[in-house]
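Examination of the molecular architecture
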Amino acid sequence: MTELLLEWVIKISVIIFLLLTAVAYVTLFERKVMSWIQLRVGPNRVGPWGLLQPAADGLKFIFKEDIVPLQANKWLYIVAPAISLIPALMVLIVIPYGSTITVAGRAIDLFVTNINIGLLYILGLTSLGVYGIVLAGWSSNNKYSLIGGLRSSAQMVSYELALGMSIIGALLMSGTLDLVGIVQSQSGYWWGFIPRWNIFLQPLGFIIFFISSLAETNRVPFDLPEAEGELVAGYHTEYSSMKFAMFYMAEYVNLITAAAVGVTLFFGGWNGPGVERFPWLSIIYFLIKVAITIFVYMWIRFSLPRFRYDQLMVFGWKFLLPLALLNIIVTATLMMIFWT
Amino acid sequence: MEKALFIVLAVIAVASALNILLQRNPLYSALSFIGTLAALSALYITLRAHFIAAIQIIVYAGAIMVLFVFVIMLLNAPGDQPRVDKQKGLRYLAIPFAGALIAEAFYVIRSVKPISMPALIDGDRGVGSTWSIGTGLFTQYLLPFEVTSVLILMAIVGAMVLAKREND
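On a predicted model such as this, the values are computed, not experimentally measured, just so you know. (Residues numbered from 1 in each chain as written. Chains lettered and ligands numbered in written order. Predicted model: local features only at pLDDT ≥ 70, side-chain atom pairs only at ≥ 80, totals over all residues.)

1. Overview of helix H4 (residues 118-139) of chain A
Residues and elements named next belong to chain A.
- The end-to-end C-alpha distance of H4, which contains 22 residues, comes to 33 Å, matching closely the 32 Å that a straight helix rising 1.5 Å per residue would cover.
- Across the 22 residues of H4, 22 count as buried, placing the element largely inside the fold.
- Positioned one or two residues after H4, asparagine 141 has a phi angle of 55°, which is positive. (Helix = DSSP H or I, 4+ residues; strand = E, 2+ residues; numbered from the N terminus. Expected span 1.5 Å × (residues − 1). Buried ≥ 20, exposed ≤ 12 C-beta atoms within 10 Å, placed from the backbone.)

2. Here we look at the interface of chain B and chain A
- Tallying the contact residues gives 18 residues for chain B and 22 residues for chain A.
- At 14 residues, the largest contribution of residues to the side of chain B that touches chain A is made by helix H3 (residues 50-75) of chain B.
- Among the residues forming the side of chain B that touches chain A, the class breakdown is 13 nonpolar, 4 polar and 1 charged. (Contact = placed C-beta atoms within 7 Å. Nonpolar A, V, L, I, M, F, W, Y, C, P; charged D, E, K, R; others polar.)

3. Some words on the nonpolar core
- Counting 105 residues, the largest nonpolar core has Ile256 and Ala259 of chain A together with Ala54 of chain B as its most contacted members.
- Here this core gets 15 residues from one element, more than from any other, and that element is helix H11 (residues 241-266) of chain A.
- Setting aside its immediate chain neighbours within four residues, alanine 54 of chain B contacts Ile117, Leu120, Tyr121 and Gly124 of chain A. (Core = buried A, V, L, I, M, F, W, Y, C linked by C-beta atoms within 7 Å.)

4. Details of the environment of isoleucine 117 of chain A
- Looking at the secondary structure, you find isoleucine 117 of chain A in the loop between strand S2 (106-109) and H4.
- Look at isoleucine 117 of chain A and you get buried, because 23 C-beta atoms sit within 10 Å.
- Note: C-alpha distance between isoleucine 117 of chain A and proline 87 of chain A (30 residues apart in sequence) is 16 Å.
- What isoleucine 117 of chain A contacts, discounting residues up to four positions off in sequence, is Leu177 of chain A together with His50, Phe51, Ala54 and Thr130 of chain B.

5. With respect to the packing of helix H5 (residues 143-166) of chain A against helix H9 (residues 203-216) of chain A
Residue and element names in this part refer to chain A.
- Remark: H5 packs on H9, axes separated minimally by 8 Å, with the N-to-C direction vectors making an angle of 155°. If you check the angle between H5 and H9, you find them roughly antiparallel. Both H5 and H9 take part in a crossing whose hand is left-handed. From H5, Gln155, Met156, Tyr159, Glu160, Ala162, Leu163 and Ser166 reach across to H9, where they touch Gly205, Ile208, Phe209, Ser212, Ser213, Ala215 and Glu216.
- Among the residues making up the contact of H5 with H9, the classes are represented as 7 nonpolar, 5 polar and 2 charged. (Axes fitted to C-alpha atoms, helices over the stretch in contact; angles between N-to-C directions. Parallel < 35°, antiparallel > 145°, perpendicular 65-115°, else oblique. Left-handed = near helix turned anticlockwise from the far one by under 90°.)

6. Comments concerning the confidence of the model for chain A
- Mean pLDDT over chain A stands at 84; residues scoring 70 or higher make up 98%.
- Mean pLDDT values over the elements of chain A span from 70, in helix H10 (residues 228-231) of chain A, up to 89, in H9 of chain A. (pLDDT = per-residue confidence, 0-100.)

7. Structural notes on the packing of H4 of chain A against H3 of chain B
- Two elements in contact, H4 of chain A and H3 of chain B, have axes whose closest approach is 8 Å; the angle formed by their N-to-C orientations is 20°. Taken together, the axes of H4 of chain A and H3 of chain B are roughly parallel relative to one another. As H4 of chain A runs across H3 of chain B, the sense of the crossing is left-handed. Within the contact between the two elements, H4 of chain A uses Leu120, Tyr121, Leu123, Gly124, Ser127, Leu128, Val130, Val134 and Trp138 of chain A and H3 of chain B uses Ala54, Ile57, Ile58, Ala61, Gly62, Ala63, Val66, Val69 and Met73 of chain B.
- Partitioned by chemical class, the residues of the contact of H4 of chain A with H3 of chain B number 15 nonpolar, 3 polar and no charged.

If you want it as structure tokens, here you go:
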């Protein structure tokens, strides 16, 4: 028992440390991608190739003055950033980062825990993350923040439905809600060369999942909660210093989580050639797949304009949701006919 | 261990449920309700009902309460608005009703006999797992399940009718 607890503590600490580092470098990556797309150089002053930029940003955040507006609801204003960051970090324990590796004669599974409702756990926690944004918007006592918070709550609830429905097709194929099981069900090949990834059988499900996950992470073209052109910065207009940084961290942790869940569900997770013989390769495959997905997220961010609010609602409710339902019906029917 | 966990979670659930009633500000009440839901969900997990626990969070805390908070924020009800004039008679009616409720609760607690728990199987097909709930819902309890969905459909149609009327 104590050994298991120790293993958990070590794994969780390692994951949180690596993930927060990754978050810092994803921000750098995002700025680099933005400048490449806009034919600029990007951050290149701090360290070689701008590699120390995240450290400089972090220091700057720490030394900035922490302002609480006079009219703000102080208690909720302070708690809100934590409410948005904590659920985002809690999701990480169910994601399988790789297969089983051996360290010093001890087999170690590269996931913290596999609960049999893993995917529901992720959906539940991501749906709780919206409270941080909503409460930040309300407690700041600022009209731009409030509008950002309101938009966010409406948007999250609307796209959560499409998101939940879009993964059911993939779940039907895997027959489990446990993410480790989902990855294992996608190992192997069809006709010896096409990997058995869900994307090939669930292309529609993946597209709906991808679009809704863009909306759930508040990224362009769904960044209405922070829409800097009209709302200054939306829900975090009044925030400064580390509180502001916590919102940013939550946003990027959610981005990484969304990419990791997408890879796990539709792109075979850590599966790849040679994984059975060299288990260490599984982490590398997983990281490469996640990095490519994140790059696509950024690519979209710097290529597309923002939705109008009514377009957002019509698109979510009248297009994505029916399409997701259709996907479920077609998948279930085909499975009834061909699977059994 | 399990008992200590139960006591802690039960205290949180009851305390935040009381807080829903005691708070003047509707937003704090809504937040306390989320606290109750979270504590109940944790209690379900100690009972190995993982699926119900997750659904509790996704549906109630993640969707319904977000809409509640949305409406409260939209109306931006101030905490210290003038109190609604109370109907004094109802206050005295509350005492016998509370007594009846407590008596009922006592009766239920006294009359319910401990049942033999079905064998707890860990894994994908044990009691409380997604598999067992799904199989139960779509075989043994299919009719009640479908009837409930008709009930919800009625509520949706009702809401649509109410919303449409204002546009005419």
